[in-house]
Amino acid sequence: MIDPHAPVSRGAPLSSGAPPWTEPARLPVEPGTARFLVLACVFVCAACGLVYELELVAFASYLIGDSVTQASVVLSVMVFAMGIGSLGAKRLRWRAAVGFGAIETALALVGGCSAMALYAVFAWTGGWGGVWADGPRCLLVGFSLAIGLLVGAEVPLLMELIQRIRRQDAGGAVADLFAADYVGALVGGLAFPFVLLPFLGQLTGALLTGSVNVVAGSALVLGLFRRDLTRRARWTLLVAGLAVLGVLASAAVLAGDFEAAARRAVYGPDVRVAAQTDVQEVVLAGGTDGKPLDLFLDGRLRVGGRDERRYHEALVHPALAGPHRRVLILGGGDGLAAREVLRHKGVSRVDVVELDAGLVDLARHDPGLSALNAHAYDDPRVHVTTADALSWLRRAPAARYDVVLADLPDPGITASTKLYSQEFYGLTRRVLTPTGRLAVHAGPVSSRPRVFWTVEATLRAAGFSATPYRVLGHDTGFATGPDRSAGSSRTPHDWGFLLSTPGPRAPRPHLDFHPATLTDSDLRVDVAAARLTRVPGLRPSTLARPQY
């Protein structure tokens, strides 16, 4: 009987399933310590790989939009590439140590620089159009493929290295390897949103991750398996690793200036504030020296100083035409909806429920934004609660408010789906008085009628009667407006709203709303034209099945 673990003689040919080595590696430490070091390297490499993946998803969501689509593209392409990388790594089994060192060096360079490269391409070439119209998306797929190929090649080579230390059954080796890999992925997944992103930012965080990656891979190969490498291979890996570290360190030193220049290219030359809050990236441009203020949240234009007054007047004033002693604003952390509410006599209390405390702090203290909202948060009638709007509504007292204003992210954004669901509107109806009114921004009617009418269908399913209306722009559309992507030239020609009341009778904003009595802006409210674009047969949106 042949012992399955007996070493193959030096002259015997190797079968396809035989290991490419004939004796245990000569190690500078005990086998138990060596196995621990290999598994520690697996842990570190897995954490770095997941950080690269999350970096790509985050940048794609900020700069390109539609987080679900971008996450699906990145994840599916990377998983596919990992499979191809694993197959390709079979050719490197004969030289597992040098192959693993080379892969980690390349992965550190590609993954560490991916965020900066994506930002540069989007900032300086995103508006080229023509053949390069989808350039940033193509680059995103390219980085996903490259990183996936390199990450996929890690596990087969690490499997060979761990077997070089002490031969064991394949099941036990795979279990040890995957346990370290999955735990490392968990740590990397938690470190990205809670450590790297808030404290270092995306660019520096990616560069630091690449540095950790190349140090861990090079230390394992050059320290533990150096006797498996020729002298030339050792020097080549050492020089390559030091070169990659030098590139990453230089990029980290320049990251601040690079990011400032890229922000100016994306958001314009008047960027004053760029802050990463606990919730999102907030960028303020202009707002001083007579320049209009633009507020960007995660790369999307939330407030455009050239036309924000038209939007907030249309959202607020029709709803406050009736009783309005107590007003609830869901979202609206910029304070601009509160500004319009406070212009009405008879308002005794305004409750603002905003998820991002950092945005509220800017609205209180930034000179440009606080001036634009007329220092609304200094009014003693305004009370701010930092909470998720849906969760807060579940605990709110019933029949408390005369008016609810849903000043929320655009309904076309995947992350805001729950804020346009039947459950959300059912909870909103509960906190309204029987004669109360709810005003909802539902996106442009002309360019996205399906989204707009899905919101209307959801309101009806929740027991509201809704009157659609829109505010018309100029012939070329609005220059800026809520939730427009930075630098987008395809601006919609209108803003769509829904004014709702509980029960069967819908309000009539074109009779109740008289903007000329409040401002001198040229504001037109169009009810009839909004109805012409109705899309039949839509189902109301629920949390389980969004209709966007």
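Provided above is the structure to which this section pertains.
Predicted model only: the values in this text are computed from it and were never measured. (Residues numbered from 1 in each chain as written. Predicted model: local features only at pLDDT ≥ 70, side-chain atom pairs only at ≥ 80, totals over all residues. Heavy atoms only, no water.)

1. Here we look at the overall build of the chain
For the chain, the count of helices and strands is 15 helices and 13 strands. In the chain, which comprises 548 residues, the proportion classed as buried is 52%. A fraction of 75% describes how many contacts in the chain between residues 6 or more apart in sequence connect residues 24 or more apart. Entry remark: accessible area of the chain is about 24,100 Å², with carbon and sulfur atoms responsible for 60%. (Helix = DSSP H or I, 4+ residues; strand = E, 2+ residues; numbered from the N terminus. Buried < 20%, exposed > 50% of the residue type's maximum accessible area, 1.4 Å probe, protein only. Contact = heavy atoms within 4.5 Å. Areas by Shrake-Rupley, 256 points an atom, 1.4 Å probe, with all protein chains shown as cover.)

2. Quick notes on a nonpolar patch on the surface
A cluster of nonpolar side chains, contributed by Leu 186, Leu 190, Phe 194, Val 195, Phe 199, Leu 200, Leu 208 and Val 212, occupies part of the molecular surface with about 780 Å² of accessible area. Here Phe 199 shows up in helix α5 (residues 170-224). A relative accessible area of 66% means that Phe 199 is categorised as exposed. (Patch = residues over 30% accessible without salt bridge, like charges linked within 9 Å, V, L, I, M, F, W, Y side chains within 5 Å. Salt bridge = Lys/Arg side-chain N within 4 Å of Asp/Glu carboxyl O.)

3. Thoughts on the pattern of salt bridges
For the structure shown, the criterion picks out 18 salt bridges. In this structure, Lys 418 engages Asp 388 in a salt bridge whose closest nitrogen and oxygen atoms are separated by 2.9 Å. With Lys 418 in the loop between β8 (401-407) and α12 (422-431) and Asp 388 in the loop between β7 (382-386) and α11 (389-395), the pair connects residues that are 30 residues apart, well separated along the chain. What makes Lys 418 partly exposed here is its relative accessible area of 30%.

4. Points about the environment of Val 382
Relative to the helices and strands, Val 382 resides in strand β7. Once the C-alpha coordinates of Val 382 and Val 352 are considered, the two residues, 30 residues apart in sequence, prove to be 7.3 Å apart. Each residue touching Val 382, except ones within four places of it in the same chain, is listed here: Leu 342, Val 350, Val 352, Ala 376 and Tyr 377.

5. Things to note about the environment of Pro 318
With respect to the helices and strands, Pro 318 occurs in the loop between α7 (308-316) and β5 (326-331). Judged by relative accessible area, Pro 318 falls into the buried class, the value being 0%. Taking the C-alpha atoms as reference, Pro 318 lies 7.5 Å from Leu 499; in sequence the two are 181 residues apart.

6. Things to note about the packing of α5 against helix α6 (residues 231-267)
Between two packed helices, both the angle of their axes relative to each other and the distance between the axes serve to describe the pair. In contact at an axis separation of 9 Å, α5 and α6 are set at 170° when each is read in the N-to-C sense. Looking at the two axes, α5 sits roughly antiparallel to α6. The handedness of the crossing between α5 and α6 comes out as left-handed. Counting all contacts with α5, which are made through Leu 203, Thr 204, Leu 207, Gly 210, Ser 211, Val 214, Val 215, Val 221 and Leu 222, the residues of α6 involved are Arg 234, Leu 237, Leu 238, Gly 241, Val 244, Leu 245, Leu 248, Ala 251, Ala 252, Ala 255, Phe 258 and Glu 259. In the contact of α5 with α6, the residues fall into 15 nonpolar, 4 polar and 2 charged. (Axes fitted to C-alpha atoms, helices over the stretch in contact; angles between N-to-C directions. Parallel < 35°, antiparallel > 145°, perpendicular 65-115°, else oblique. Left-handed = near helix turned anticlockwise from the far one by under 90°. Nonpolar A, V, L, I, M, F, W, Y, C, P; charged D, E, K, R; others polar.)

7. A look at the packing of helix α1 (residues 31-63) against α5
Contact geometry for α1 and α5: axes closest at 5 Å, N-to-C directions at 145°. Classifying every residue of the contact of α1 with α5 by side-chain character gives 33 nonpolar, 9 polar and 4 charged.

8. Section: the environment of Trp 453
Looking at the secondary structure, you find Trp 453 in helix α13 (residues 449-461). Judged by relative accessible area, Trp 453 falls into the buried class, the value being 1%. Sequence-wise, Trp 453 and Pro 468 are 15 residues apart; in three dimensions their C-alpha atoms are separated by 8.9 Å.

9. Side note on helix α3 (residues 96-125)
Over its 30 residues, α3 runs 40 Å from end to end, which matches the ideal 44 Å to within 8%, given 1.5 Å per residue. At Ser 114, α3 shows its largest kink, close to 45°. Buried residues dominate α3, accounting for 21 of its 30 residues. (Expected span 1.5 Å × (residues − 1). Bend = angle between axes of the 7 residues up to and from the residue.)

10. A closer look at the packing of aromatic side chains
Inspection of the entire model under this criterion finds 11 aromatic pairs. Between Phe 424 and Tyr 425 the ring centres are 5.6 Å apart and the planes differ by 75°, which places this aromatic pair in the edge-to-face class. Overall, the relative accessible area of 1% leaves Phe 424 in the buried class. Given the relative accessible area of 0%, Tyr 425 is considered buried. The rings of Phe 59, Tyr 119, Trp 124 and Phe 258 are connected pair by pair, giving a single aromatic cluster. (Phe/Tyr/Trp six-rings, centres within 6.5 Å; stacked < 30°, edge-to-face > 60°.)

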